[in-house]
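Residue-level structure breakdown
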Amino acid sequence: MNAKANKNQSSCIEPSYYQAVTQAIRTQAVQVLKDGTVAGVVGYLPGRRKGTARPALITTPEEAEKLIFSPACVNNLSVYLTKSKKGVLKQGRIGIVAKGCDMRALAGLMGESQIKREDLFIIAVDCAGVYGSRAERSESVTEANIARKCHECTVHHPEGADFVAGAATELSGLTPLEAEEMARIEALPQAERWAFWKEHFSRCIRCMACRQVCPFCYCEQCLCDKNRPQAVENSPRPAGNTAWHIVRAMHLAGRCGGCAECERVCPMDIPLNLLNRRMAKELKELYDYEAGLAPAEKGPLNQYKEDDDQSFIK
Amino acid sequence: MPQIITEQNLRNLIDLLVKESKVVVGPKQADSVVLYQPLAAGSELTLDSLPRRSAKELFFPICENILSYQRLDGKMQVTDVDRSRFPETVLIGAPPCDAASPAILDAVFSWDYNDEFYLERRRKSTIVGIACTQGDDACFCTAVGLAPDTDTGSDLFLTPLKDGSYACKAVTEKGKALVDAHARLFGEAASADAAPFAEQGTEKLDLVKIKKWLEGHFEDPLWEKISDICVGCGSCAFICPACHCFDINDEGSTEQGSRRKHWDACGFSKFTNHASGHNPRDVQNKRYRNRIMHKFKYYDDKFGRTLCTGCGRCVRACPVGIDIAEILSTINAKQD
Amino acid sequence: MHAEAKQHDFEPKIVAFVCTWCTYAGADLAGTSRMQYPANVRVLKFPCTGRIDPVFILRAFQKGADGVLVSGCHPGDCHYMAGNFHARRRFAAFRALLDFVGVDLHRLQFSWVSAAEGGKWVEVVTELTERVRAMGPMLEFKSLEHEEQWSAFQAMADVPGVVNTPELKEAYDKI
Ligand code: SF4
Ligand code: SF4
Ligand code: SF4
Ligand code: SF4
Ligand code: SF4
């Protein structure tokens, strides 16, 4: 992609960048709706409060004129394409606004035969980053208010979209906060790791927001909702919470694209993406697999090689 | 002359209450979040931000045992919870939007059935409310008939003064008893200039008009428009001071276990799922409609109150930015 | 720590999830050949290691196991061709996850034991049992079972940080 060539690095992303992206998205969305390419577009509209935005499922060019892209456009919209949200979109081809990390979810969902590429019109954003949760919603994006995931983003410049809004720009010299935190936890003695997670998991109220926003949690019957037989306690107590989080991380291993939506929406600030990243790291090391870089028919945990590592097995 | 208490004495009061073996609950920093939690000392009280979860868990815990069972000599033995052991509790530092919630919830927990778990905790608690100076653009307590300085629901009400101390008003006998028992911590006010409140972004709502609109619009395109994006989580209900739905689950084995009562939410698809598999609220916008209907119509029909204190928590927490204040304003502005 | 000295102090509970075709037959062989192995192990039979969901392991720990063994056919011997190959990957990942949340992996053993390897079964089971015996009871998950959100505490004495005498704590741990 030529975008990569003229990559522009800076320490502050000005609102004008987002305005330009907004304009490009509007023009494109209006056009594909007008010419009938798509039946609807999933994008973002501004929220009532300053510096907020929310997902929007739109079907007319008039509404498309109001679409925006701003650092508040944090949602991974691909969740609306999954069967857990079925019925909210019009039948037919759908346009979707996607950041780089959201594209990974789209690729993953294609690999899992949940959506078809030809049913989508992907309006990708050449993404400079979004606000962290509860960060200052001032208009520009800086190291102080950018989301943790964006610190280590490798997918600013999406590939394989039908249209790309914006031209490469990104913050430079960000500290890899998540990687550092993960290394810190890995280096703790085992009992302290347990204590760290126990503290966090105990706070969980089982609101299931982390599950509901996840594009990969589309099971019609979640194991963690079942009570006959019960595999994981439904009650929000430390015991069931711990089991829930372990099961969740396991079910997403090799599938999670790292959009960090789960962590963003957690009202109790539980660092869920650390678990996802830890699993992603393991699967990369063991099986050289990274989720969501391209649609893959089989993930790392539903394929095998005869000579896979088995040093841990007697 | 109104009575005042200095911040230091407020913290000393907590220390004293703890010594008297009362459980004192107040906003406390827990990692990156502030939550209502038991305070071991007055120094732990954090008054500079609204706790992420509401104070309802004091009376209506996230999860509690309501009985336990065990098979002994082939027979099932069921043990009830000894509610007389519930501790005397003092809630300190609840802003009006939290302090007002038990007063709203009492009605539903003592209606056709007396929920003794709730009521016993409620009887044993004293609420020290505090006028709020922390509001942000999500708050709309004034729009639903409260205000940053209403003492509804508080037993004792504190108003922050410009000089850093708090004006005290004993609202109920319980509150008066608390002051009388620790009279030496309270003093006379030198000045009574209240600290300013934050601006709120929502105009006053006409709740009667809103209710009227809801009556005629069970079916309305508005529901799809505003809530097709809802992902059906429980965050808005769980952190809300007024939501009070719960589920009951038996957890354990065939030999022993507990029956647990824990929070539930009408946003969950399983909430209305029948055993047959049929779900009368089959799509998310019907579930969200219930949220609005319950808060602004059904609860009012039944108990004459609105099930929202305007705390703005759901506005801040909704993963997809659904803004109840905005929705209410939209309905408020409707002509038919 | 020598096993025999500890024998009476602590008998660990070991749960073994095994496949019916190889390890179960191997354990059976050990039995019919009258080989001795610790009675601490409770065997649960599955069609294949591929059917052993990581959640079973979690559940075992939650319900009081001090150690867990997962055992099946050697690679290439799976009755269903590839069940154990899939399981191998899944367990590799699951181990990493448990490790990251702070579970001691010495309590979790995987092995391949064929229908002819009664001796290996004895060896694996004995080694795991003795190792776990030396480690003592698995307390992490068990203690979680007794924990509540603070608001659920039913009495003053249960509220952490308020009144917490050692006697009360002991009484509580015994529940
Ligand atoms: S992770 Fe990358 S693509 Fe995703 S929001 Fe952040 S900068 Fe954009
Ligand atoms: S979003 Fe947070 S509080 Fe809610 S279930 Fe997930 S981890 Fe728990
Ligand atoms: S697990 Fe979290 S980070 Fe991964 S895809 Fe789901 S929501 Fe995104
Ligand atoms: S509905 Fe929202 S604003 Fe109203 S009391 Fe509940 S959480 Fe607060
Ligand atoms: S309104 Fe928001 S917080 Fe409430 S259930 Fe829907 S998505 Fe979740």
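Predicted model, so just to flag it, every value in this text is computed and none were measured.

**Some points on the overall build of chain C**
Each helix and strand in chain C was counted, giving seven helices and four strands. Listing every helix and strand of chain C by position from the N terminus yields α-β-α-β-α-β-α-β-α-α-α. Within the span of chain C, comprising 175 residues, buried residues form 55% of the whole. Once local pairs closer than 6 in sequence are excluded, the contacts in chain C between residues at least 24 apart make up 79%.

**Overview of the environment of V113 of chain C**
Topologically, V113 of chain C is positioned in the loop between β4 (108-112) and α5 (118-135). If we ignore the near neighbours within four places in the chain, the residues touching V113 of chain C are C22, T23, S71, G72, H74, K120, W121 and V124 of chain C.

**A few points about the state of the cysteines**
This model, assessed by the stated rule, comprises one disulfide over all chains. Shown here is the disulfide that connects C22 of chain C with C73 of chain C, its sulfur atoms set 2.3 Å apart. Disulfide C22 of chain C-C73 of chain C: torsion about the S-S bond near 100°, hence right-handed. Of this pair, C22 of chain C sits in the loop between β1 (14-19) and α2 (23-32) while C73 of chain C sits in the loop between β3 (67-72) and α4 (83-101), and the two are 51 residues apart along the sequence. A residue is classified by how much of its surface remains accessible, and C22 of chain C, at 8% relative accessible area, is buried. We note that C12 of chain A lacks a disulfide partner, and the nearest cysteine sulfur, in C150 of chain A, lies 15 Å from it. Judged by relative accessible area, C12 of chain A falls into the partly exposed class, the value being 26%.

**Examining the interface of chain A and chain B**
Between chain A and chain B, the residue contacts involve 38 residues of the former and 37 residues of the latter. Of the roughly 3100 Å² buried at the junction of chain A and chain B (both faces included), carbon and sulfur atoms supply 52%. Considering only the side of chain A, the residues that lose the most area to chain B are R48, R49 and I205 of chain A, jointly responsible for 21% of the buried surface there. For the pair chain A and chain B, the interface holds six salt bridges. Applying the counting rule to chain A against chain B returns 19 residue pairs in polar contact (both at pLDDT 80 or more). The set of elements that each furnish at least two residues to the side of chain A that touches chain B consists of β4 (53-58), α7 (190-203), α8 (209-213) and α10 (261-265) of chain A. Its residues placed into classes, the side of chain A that touches chain B shows 14 nonpolar, eight polar and 16 charged.

**A short note on the site of ligand 2**
All names here are of chain A. As a matter of local geometry, ligand 2 sits amid 13 residues, with C204, C207, C210, H245 and C266 nearest to it. Elements supplying a minimum of two residues to the shell around ligand 2: α8 and α9 (238-252). Considering only residue class, the shell around ligand 2 consists of 11 nonpolar, one polar and one charged.

**A few points about the sheet that holds strand β10 (residues 187-188) of chain B**
Strand order in the open sheet made by the eight strands is β3-β2-β6-β7-β8-β9-β1-β10 (chain B), with mixed pairing throughout. Each of the sheet's edge strands pairs with one partner strand only, and the pair in question is β3 (33-38) and β10 of chain B.

**Remarks on the sheet that holds strand β5 (residues 94-98) of chain A**
All names here are of chain A. With mixed pairing, the five strands of this open sheet are ordered in space as β4-β3-β5-β6-β8. The open sheet has two free edges, formed respectively by β4 and β8 (163-165), since each of these has just one partner strand. The sheet shows a mean angle of 30° between the axes of neighbouring strands, taken without regard to direction. Relative to β4, strand β3 (residues 40-46) is paired through six bridges, and the arrangement is antiparallel. When the bridges of β4 are listed, P46 appears paired with A53. Contacts between helix α4 (residues 100-111) and the sheet are confined to β3, β5 and β6 (120-125), with β6 contributing the most and set at about 155° to the helix.

**As for the UniProt feature "domain: F420-non-reducing hydrogenase iron-sulfur subunit D" (unreviewed entry) in chain C**
Under the local residue numbering, the UniProt record ascribes the feature "domain: F420-non-reducing hydrogenase iron-sulfur subunit D" (unreviewed entry) to residues 14-136 of chain C. The distance separating the terminal C-alpha atoms of residues 14-136 of chain C is 12 Å; by composition the span is 46% helix and 19% strand.

**Considerations on the site of ligand 5**
By nearness alone, every residue bordering ligand 5 is listed as C230, V231, G232, C233, S235, C236, Y288, C318, P319, V320 and I322 of chain B. Across the shell around ligand 5, the residue classes tally to nine nonpolar, two polar and no charged.

**Some details on the interface of chain C and chain A**
Tallying the contact residues gives 42 residues for chain C and 50 residues for chain A. Contact between chain C and chain A buries roughly 4200 Å² in total, counting both sides, with carbon and sulfur atoms accounting for 61%. For chain C, the biggest contributors to the area lost against chain A are R88, R89 and F100 of chain C; these three give 22% of the whole. Summed over the shared surface of chain C and chain A, the result is six salt bridges.

**So, the side chain of T306 of chain B**
Of note, T306 of chain B is situated in the loop between α8 (284-303) and α9 (313-317). For T306 of chain B, the residues in contact, after removing those within four places along its chain, are I104, L207, K295, F296 and D300 of chain B.

**Side note on the confidence of the model for chain B**
When pLDDT is averaged across chain B, the result is 92; 99% of the residues are at 70 or more. When mean pLDDT is taken per element in chain B, helix α7 (residues 235-238) of chain B scores highest with 97 and β10 of chain B scores lowest with 86.

**Observations regarding the confidence of the model for chain C**
All names here are of chain C. Mean pLDDT over chain C: 86, with 83% of residues reaching 70 or higher. A low-confidence stretch, residues 1-6 (pLDDT under 50), is modelled with five contacts involving residues beyond four sequence positions or located in other chains. Here residues 162-166 is a poorly scored stretch, pLDDT under 50, and it has seven contacts once near neighbours within four places are set aside; other chains count. In the model output, the complex is listed with pTM 0.92 alongside ipTM 0.92.

**Some details on the pattern of salt bridges**
Residue and element names in this part refer to chain B. Counted by the stated rule, this structure contains 56 salt bridges over all chains. K176 is the partner of D180 in a salt bridge, and the nearest nitrogen-oxygen pair spans 3.2 Å. Here the residue D180 and the residue K176 both occupy positions in helix α4 (residues 173-181), the gap between them amounting to four residues, near one helical turn. Taking the shortest distance from any N to any O, the salt bridge between E215 and K297 comes out at 3.8 Å. With E215 in helix α5 (residues 207-216) and K297 in helix α8, this residue pair connects regions lying 82 residues apart in the sequence.

**Some details on α4 of chain A**
Residues and elements named next belong to chain A. In this model, α4 (12 residues) spans 17 Å end to end at C-alpha, consistent with the 16 Å of a helix rising 1.5 Å per residue. Burial runs high along α4: 12 of the 12 residues are buried. If you check which residues of α4 are buried, you get G100, C101, D102, M103, R104, A105, L106, A107, G108, L109, M110 and G111. Residues of α4 that are buried in the fold lie against β3, β5, β6 and α5 (148-151). Count one or two residues on from α4 and you reach S113, which has phi positive near 60°.

About the thresholds
- Residues numbered from 1 in each chain as written.
- Chains lettered and ligands numbered in written order.
- Predicted model: local features only at pLDDT ≥ 70, side-chain atom pairs only at ≥ 80, totals over all residues.
- Heavy atoms only, no water.
- Helix = DSSP H or I, 4+ residues; strand = E, 2+ residues; numbered from the N terminus.
- Buried < 20%, exposed > 50% of the residue type's maximum accessible area, 1.4 Å probe, protein only.
- Contact = heavy atoms within 4.5 Å.
- Disulfide = S-S within 2.5 Å.
- Buried area = accessible area lost by both parts, 1.4 Å probe.
- Salt bridge = Lys/Arg side-chain N within 4 Å of Asp/Glu carboxyl O.
- Polar contact = N/O pair within 3.5 Å; in protein donor to acceptor, adjacent residues only side chain to side chain.
- Nonpolar A, V, L, I, M, F, W, Y, C, P; charged D, E, K, R; others polar.
- Near = heavy atom within 4 Å.
- Pairing = 2+ DSSP bridges.
- Axes fitted to C-alpha atoms, helices over the stretch in contact; angles between N-to-C directions.
- UniProt positions renumbered as here; feature names shortened; annotations may be inferred.
- pLDDT = per-residue confidence, 0-100.
- Expected span 1.5 Å × (residues − 1).

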